[in-house]
Structures are given as structure tokens and as C-alpha cells.
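# Survey of secondary and tertiary structure
Each chain, letter by letter, is given below.
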Amino acid sequence: NAGVTQTPKFRVLKTGQSMTLLCAQDMNHEYMYWYRQDPGMGLRLIHYSVGEGTTAKGEVPDGYNVSRLKKQNFLLGLESAAPSQTSVYFCASSPFLVYEQYFGPGTRLTVT
Amino acid sequence: AQSVTQPDIHITVSEGASLELRCNYSYGATPYLFWYVQSPGQGLQLLLKYFSGDTLVQGIKGFEAEFKRSQSSFNLRKPSVHWSDAAEYFCAAQMIQGAQKLVFGQGTRLTINP
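These lines cover the structure that appears in this document, whether it is placed above or below. Remember, it's a predicted structure, so these values are computed and weren't measured experimentally. (Residues numbered from 1 in each chain as written. Chains lettered and ligands numbered in written order. Predicted model: local features only at pLDDT ≥ 70, side-chain atom pairs only at ≥ 80, totals over all residues. Heavy atoms only, no water.)

For chain A, the count of helices and strands is 0 helices and 11 strands. Tracing chain A from N to C terminus, the helices and strands come up as β-β-β-β-β-β-β-β-β-β-β. On C-alpha atoms alone, chain A measures out to a radius of gyration of 13 Å, which is about the 13 Å that the 2.2 N^0.38 rule sets for 112 residues. A buried classification covers 48% of the 112 residues belonging to chain A. (Helix = DSSP H or I, 4+ residues; strand = E, 2+ residues; numbered from the N terminus. Rg over C-alpha atoms; globule rule 2.2 N^0.38 Å. Buried < 20%, exposed > 50% of the residue type's maximum accessible area, 1.4 Å probe, protein only.)

Residues and elements named next belong to chain A. Tallied over the entire structure, the rule returns 2 disulfides over all chains. The disulfide partner of cysteine 23 is cysteine 91, and the S-S distance across this bridge is 1.8 Å. Taking the torsion about the S-S bond as the criterion, the cysteine 23 to cysteine 91 disulfide, at about -75°, is left-handed. Of this pair, cysteine 23 sits in strand E3 (residues 19-25) while cysteine 91 is found in strand E9 (residues 87-94), placing the two residues 68 residues apart along the sequence. Relative accessible area serves as the criterion here: at 0%, cysteine 91 is assigned to the buried category. (Disulfide = S-S within 2.5 Å.)

Core analysis: the largest hydrophobic core is formed by 27 residues, its most contacted members being Leu19, Trp35, Leu47, Leu48, Phe74, Leu76 and Tyr89 of chain B. Elements with a minimum of two residues in this core: strand E2 (10-14), strand E3 (19-21), strand E5 (32-38), strand E6 (44-50), strand E8 (64-68), strand E9 (73-78), strand E10 (87-94) and strand E12 (108-113) of chain B. Among the elements that take part in this core, E10 of chain B stands out by supplying 4 residues, more than any other. Those residues in contact with leucine 76 of chain B that lie beyond four places of it in its chain are Leu19, Glu20, Leu21, Trp35, Leu47, Leu48, Phe63, Glu64, Ala65 and Tyr89 of chain B. Val88, Phe90 and Ala92 of chain A together with Tyr32 of chain B belong to the second largest nonpolar core, which has 20 residues in total. (Core = buried A, V, L, I, M, F, W, Y, C linked by side-chain atoms within 4.5 Å. Contact = heavy atoms within 4.5 Å.)

All names here are of chain B. Residue placement: glutamate 64 occurs in strand E8. Only 3.2 Å separates the side chain of glutamate 64 from the side chain of glutamine 58, close enough to count as a polar contact. If we skip the residues at most four places from it in the chain, glutamate 64 touches Leu48, Leu56, Val57, Gln58, Asn75, Leu76 and Arg77. (Polar contact = N/O pair within 3.5 Å; in protein donor to acceptor, adjacent residues only side chain to side chain.)

Time to look at the pattern of salt bridges. All names here are of chain A. Scanning all chains against the criterion turns up 8 salt bridges over all chains. A salt bridge links glutamate 30 to lysine 71; the shortest N-O distance between them is 3.6 Å. A residue pair is termed long-range when its members are at least 10 positions apart, and glutamate 30 in the loop between E3 and strand E4 (31-37) and lysine 71 in the loop between strand E7 (65-67) and strand E8 (73-78) qualify at 41 residues. We classify glutamate 30 as partly exposed; its relative accessible area is 27%. Residue lysine 71 is classed as partly exposed on the basis of its relative accessible area, which comes to 23%. One network of salt bridges, with partners in common, ties together Arg36, Asp38 and Arg44. (Salt bridge = Lys/Arg side-chain N within 4 Å of Asp/Glu carboxyl O.)

Contacts between the two partners involve 22 residues from chain B and, on the opposite side, 23 residues from chain A. Of the roughly 1700 Å² buried between chain B and chain A, counting both surfaces, carbon and sulfur atoms make up 55%. Salt-bridge contacts for glutamate 100 of chain A lead to lysine 49 of chain B; the nearest nitrogen and oxygen are separated by 2.8 Å. At the boundary of chain B with chain A, the tally comes to 4 residue pairs in polar contact (both at pLDDT 80 or more). Sorting the residues of the side of chain B that touches chain A by element identifies E5, E6, E10 and strand E11 (102-104) of chain B as the ones contributing at least two each. Top contributing element to the side of chain B that touches chain A by residue count: E5 of chain B, with 4 residues. (Buried area = accessible area lost by both parts, 1.4 Å probe.)

It is worth spelling out the packing of aromatic side chains at this point. Evaluation of the coordinates by the stated rule reveals 17 aromatic pairs over all chains. For the ring pair tyrosine 35 of chain A and phenylalanine 104 of chain B, a centre distance of 5.6 Å and an interplane angle of 90° mean the geometry is edge-to-face. One end of the pair, tyrosine 35 of chain A, is in strand E4; the other, phenylalanine 104 of chain B, is in strand E11, on a second chain. Ring centres 4.5 Å apart and planes at 20° place the aromatic pair tyrosine 50 of chain B and phenylalanine 67 of chain B in the stacked group. Of this pair, tyrosine 50 of chain B sits in strand E6 while phenylalanine 67 of chain B is found in strand E8, placing the two residues 17 residues apart along the sequence. Members of the aromatic cluster, connected to one another through ring pairs, are Tyr33, Tyr35, Tyr48 and Phe103 of chain A together with Tyr32, Phe34, Tyr36, Phe51, Phe90 and Phe104 of chain B. (Phe/Tyr/Trp six-rings, centres within 6.5 Å; stacked < 30°, edge-to-face > 60°.)

Okay, here's the thing in C-alpha cells:
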């Protein structure tokens, strides 16, 4: 039982490049979330999903897209990376009506 | 707007000393409340949570937190810190209804002096 895993762990992009971050959970959780962590700002919600095939915007969605084609996977895409998207990205999942989120180890992204 | 505030960005305490990390929330109704810890280069680990009932909740690693409705606070405490407690601590709140989204405070970095 791996819990929540994130791929890749580190990535360096040039401005304008695109990439996809993969989050996978093996706990059959309904809800999944993507956060970004920046110094002095805590974690901020980018997008979230309440079930397979559904997505919704969080607090800071601009410049990101997401998809949840399978219940266990939640993908975060950057279509045209900008230096402002340099951050640590965390994925989390949660069972329905169980108010606790389980976090992945994070992906450190640098955009130059 | 819903918000969580951690007034202290950085706290330094001596090993063996007591610790209190502050957290205040601003919500229309009392939310669910959480404390998470993040060790350097790691993900977030849940320390404890408050949903309802007893306002003093016990967590892992010897931590406890007290919910005070009158002060909209949920402060984290530990009677005697260990060097391994050095980490960043996040307070978070969640609406009781809806998509179970967490709102995090800014975090408090804890340094332990030997």
C-alpha cells in the first residue's frame, strides 16, 4: 500500500515549456487535491476533484489544468510554464466524509 | 473570506523547553481544525485534529492542541520539545460541508537550540 505517490520528484523547466505532474493514490479515495507551497504562504489549493471525471478550481488555478480520467489518478498540467510557477507541488487525497487528507511527498519544480 | 493565521513565522526554543504555536481562524461557523508537521524535504504529516467535543485534543509525538471558540484559536502545545521536533508546522481549517477543502496558515518554522 503506497498511499499517495507523485511523479516526478524534481523537475527543471524553461519558460514556455509544458509538463504534467502525476498523482496516484491506491486507497480508493473519492477526493483529490493539488496544492502549491511557497515560502511564507503555506499551501494554497490549485484544483481539486470530488470524483472521477470531475474537477474544480481552487484558490490559485490560473496557468494550470487538471484531469481525473481514472479515480486513482489526478494530473496537473502546466501548458506554458512561467517563473512564477516555481514551487513545491503537493497532491493529497481524502475519502468521502472522512475529514482528513493524505499527502504525497511533493514535486519540486523550478522554472528558469 | 475564510482564513487561517499563524502569527509567528519562526520560533526558536531550547531542547526540553515547552512550546506553544499559535493559530487563529476566521470562518462563519466553527470549522474542522488540523495541525500538520513538515520535516525538511518531506510531505505533510497529520499531528492532530479537532471536530467537536473535548476542546483539548491529543495527537502524535506528544503534541496537544486546545480549541477556544471565544478566541477563534487552536494553539498547539508540547510540554518538552526534542531536537527532532525541528520542522515547519501548519495549522489548517476545513468547512464542515462541501468538498472538504483545506485552508492553511502560513506556517511556523520551529528551530530547537541544543
